[in-house]
Amino acid sequence: MRKLELISIAVIFLTCNTLMAADENVDFDGFSRDIDELRNTKRIPGLSVAVVDDAQLIFSNGYGHRDNNREVPVTPDTPFWIASLTKTFVGLAYLHLANDGTVNIDELASATPEFDDLCQWLADSEIPFGEGLVCEEPITIRAVLHHQVNKPVGSTFLYNPIMYSRLSRHLEHSLGEGVRQVEGRHNYLAQTIDKYILQPAGMTRSMASMWDRKKSLVYFDLADGFTIEQNGYRQRNMRPERHIAGGAGMVSTVLDLAKYDIAITSGEIASPQIKSELLKPALFSDGSPSPYGYGWYFQCYNGENLMWHSGWDPDNGYSAIHLRLPDRNMALVMLANSEGLWWE
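Scoring rules and cut-offs
Residues numbered from 1 in each chain as written. Predicted model: local features only at pLDDT ≥ 70, side-chain atom pairs only at ≥ 80, totals over all residues. Heavy atoms only, no water. Buried < 20%, exposed > 50% of the residue type's maximum accessible area, 1.4 Å probe, protein only. Helix = DSSP H or I, 4+ residues; strand = E, 2+ residues; numbered from the N terminus. Pairing = 2+ DSSP bridges. Contact = heavy atoms within 4.5 Å. Salt bridge = Lys/Arg side-chain N within 4 Å of Asp/Glu carboxyl O. Disulfide = S-S within 2.5 Å. Axes fitted to C-alpha atoms, helices over the stretch in contact; angles between N-to-C directions. Parallel < 35°, antiparallel > 145°, perpendicular 65-115°, else oblique. Nonpolar A, V, L, I, M, F, W, Y, C, P; charged D, E, K, R; others polar. 1 Å grid on protein atoms, 1.4 Å probe; cavity = no way out; pocket = protein on both sides within 12 Å on 5 of 7 lines; lining within 4 Å. Points joined across faces, edges and corners; volume = space filled by probe spheres on them. Phe/Tyr/Trp six-rings, centres within 6.5 Å; stacked < 30°, edge-to-face > 60°.

Peer 1: Go over the pairing of strand E10 (residues 318-325), please, and point to the residues and values.
Peer 2: The buried fraction of E10 amounts to eight of the eight residues, a majority that puts the element mostly inside the structure. Going residue by residue along E10, you find Tyr318, Ala320, His322 and Arg324 tucked away on one face and Ser319, Ile321, Leu323 and Leu325 tucked away on the opposite face as well. From the end of strand E9 (residues 304-313) to the start of E10, which pair antiparallel, there are four residues, and Gly317 there has a positive phi angle of about 85°. Both E10 and strand E11 (residues 330-336) contribute to a ladder of seven bridges, which runs antiparallel. Paired with His322 across the two strands is Val333, which belongs to E11.

So, in structure tokens, the structure goes:
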């Protein structure tokens, strides 16, 4: 996410938060108008939002339409492709597996078939995610989860969604049916997210992958994704790939993501031991804090500690943000069916 856009969203949220602190009976009309103004400014066809305070849903709304004909309004129950917000679920799923002793996140990623070939291809390419990548170094699953695989391993943060998207292959090789079975089915990573997160949190309108036939109604209700041309023309895009690779793959609603946030806070889907790892930045090899850990960014803005992740998929036409204020025990979730939620 570009920093300025994160700040603009944070300012709207923090302003609302300040009003709530001053008046417990504040109504959300002004906040709602600000969100809809943001939607119109960014030319977003449809957007939904939810706010959580002290593990309670206190506001949710939908704006615009989810379909090309502008006939079906967006509601808080409208499913969207959440793109890279998926990484927060993958990080938590791995923490569960590590806590259970099912996987060792300090295992070398090269133990997964075809990882070395992918790594070398990326390192030899001109793709920015290959910068400083040395495949002969001991790249662990932990380093992949924390985006610490570049320059050298464990010493620097460089967001690397290509490497993150190999995590489904790691689990399929280690615990599932082999890397050749990772696509075309509700794979082991998706099943793990179901087991440890979606089911206990009651997230019935979420899909860990779009191969989950039990959630066919969610797939049917998925908001169309759009590309908005400079002249304002809206191009409806093809739907995303149906399998979950690791870097993306999930579908959800703001109501379900509010349940997710609440379940993390309450401990329903995260034990104290897991929360102690999840809710703080990862460390570099020298012991200093990274700005990222297990699928979440950590940063400070105007004295406020922020924990967040965004989603951006311009090809399929979706964007998203999950912004947490840990010190205030509040969270904001926004989903959109264009890239306009955060990209300028």
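Peer 1: Go over the environment of Ile264, please, and point to the residues and values.
Peer 2: With respect to the helices, strands and loops of the structure, Ile264 is situated in helix H10 (residues 254-266). We classify Ile264 as buried; its relative accessible area is 1%. C-alpha of Ile264 to C-alpha of Ile228: the two residues are 36 residues apart in sequence and 35 Å apart in space. Beyond its immediate chain neighbours, meaning those up to four positions away, Ile264 contacts Ile269, Ala270, Lys275, Leu278, Leu279 and Arg324.

Peer 1: So what's going on with the pattern of salt bridges? Residues and values would help.
Peer 2: The final tally for this structure, using the stated rule, is 16 salt bridges. Here Asp261 and Arg324 are joined by a salt bridge, their closest N and O atoms 2.6 Å apart. Of this pair, Asp261 sits in helix H10 while Arg324 is found in strand E10, placing the two residues 63 residues apart along the sequence. For the residue pair Asp261 and Arg324, the accessibility class agrees, reading buried in each case.

Peer 1: Any chance you could break down helix H7 (residues 167-174) for me, citing the residues and the numbers?
Peer 2: For an α-helix the count is 3.6 residues per turn, leaving residues at separations of three or four pointing the same way. In terms of burial, H7 is largely enclosed, as six of its eight residues are buried. Every buried residue belonging to H7 is among Leu167, Ser168, Arg169, His170, Leu171 and Glu172, and all of these are buried.

Peer 1: Let's hear about the state of the cysteines: which residues, and what values?
Peer 2: Each disulfide is one covalent bond, formed between the sulfur atoms of two cysteines. For the structure on display, the rule yields one disulfide. For Cys119, the disulfide goes to Cys135, at an S-S distance of 2.1 Å. Residues Cys119 and Cys135 are joined by a disulfide whose S-S torsion is about -100°; by sign, that bridge is left-handed. Of this pair, Cys119 sits in helix H4 (residues 115-124) while Cys135 sits in the loop between H4 and helix H5 (141-145), and the two are 16 residues apart along the sequence. Judged by its relative accessible area of 0%, Cys119 is buried.

Peer 1: Report on the sheet that holds strand E2 (residues 56-64), specifying residues and quantitative values.
Peer 2: Taken in spatial order, the seven strands line up as E2-E1-E11-E10-E9-E8-E7 in an open sheet, and their pairing is antiparallel. The open sheet terminates on both sides in strands that have one partner only, identified here as E2 and strand E7 (292-293). Contacts between helix H2 (residues 29-41) and the sheet are confined to strand E1 (46-53), E2 and E11, with E2 contributing the most and set at about 40° to the helix. Against the sheet, H10 makes contact with E1, E2, strand E8 (296-301), E10 and E11, and its axis sits at roughly 25° relative to E1, the strand it touches most.

Peer 1: Can you explain the packing of helix H3 (residues 86-100) against helix H8 (residues 188-201)? Please cite residues and give values.
Peer 2: Interaxial distance between H3 and H8 falls to 9 Å at its minimum, and their mutual angle equals 80°. In terms of orientation, H3 and H8 fall into the roughly perpendicular class. For the pair H3 and H8, contact is made by Phe89, Val90, Leu92, Ala93, His96, Leu97 and Asp100 and by Leu189, Thr192, Ile193, Tyr196, Ile197 and Leu198, respectively. Class assignment for the residues of the contact of H3 with H8 results in 10 nonpolar, two polar and one charged.

Peer 1: Go over empty space enclosed by the protein, please, and point to the residues and values.
Peer 2: Using the criterion set out here, one finds one cavity of 30 Å³ or more in the structure. Estimates place the volume of the largest cavity at around 70 Å³. For the largest cavity, the full set of lining residues is Ala109, Thr112, Pro113, Glu114, Phe115, Ile141, Val144, Met163, Arg166, Leu167 and His170. Elements with a contribution of two residues or more to the lining of the largest cavity: H5 and H7. Split into classes, the residues belonging to the lining of the largest cavity amount to seven nonpolar, two polar and two charged.

Peer 1: Residues and numbers for the packing of aromatic side chains, please.
Peer 2: For the coordinates displayed, the defined rule picks out 10 aromatic pairs. Judged by centre distance (4.8 Å) and plane angle (20°), the ring pair of Phe28 and Phe59 falls under stacked. On the criterion of sequence distance, the pair formed by Phe28 in the loop between helix H1 (3-22) and H2 and Phe59 in strand E2 is long-range, its members being 31 residues apart. A relative accessible area of 11% means that Phe59 is categorised as buried. The interplanar angle of 90° and the centroid separation of 4.9 Å between the aromatic rings of Tyr292 and Tyr297 together place this pair among those described as edge-to-face. Comparing Tyr292 with Tyr297 shows no difference in burial state: the two are buried.

By themselves these figures say nothing about function.
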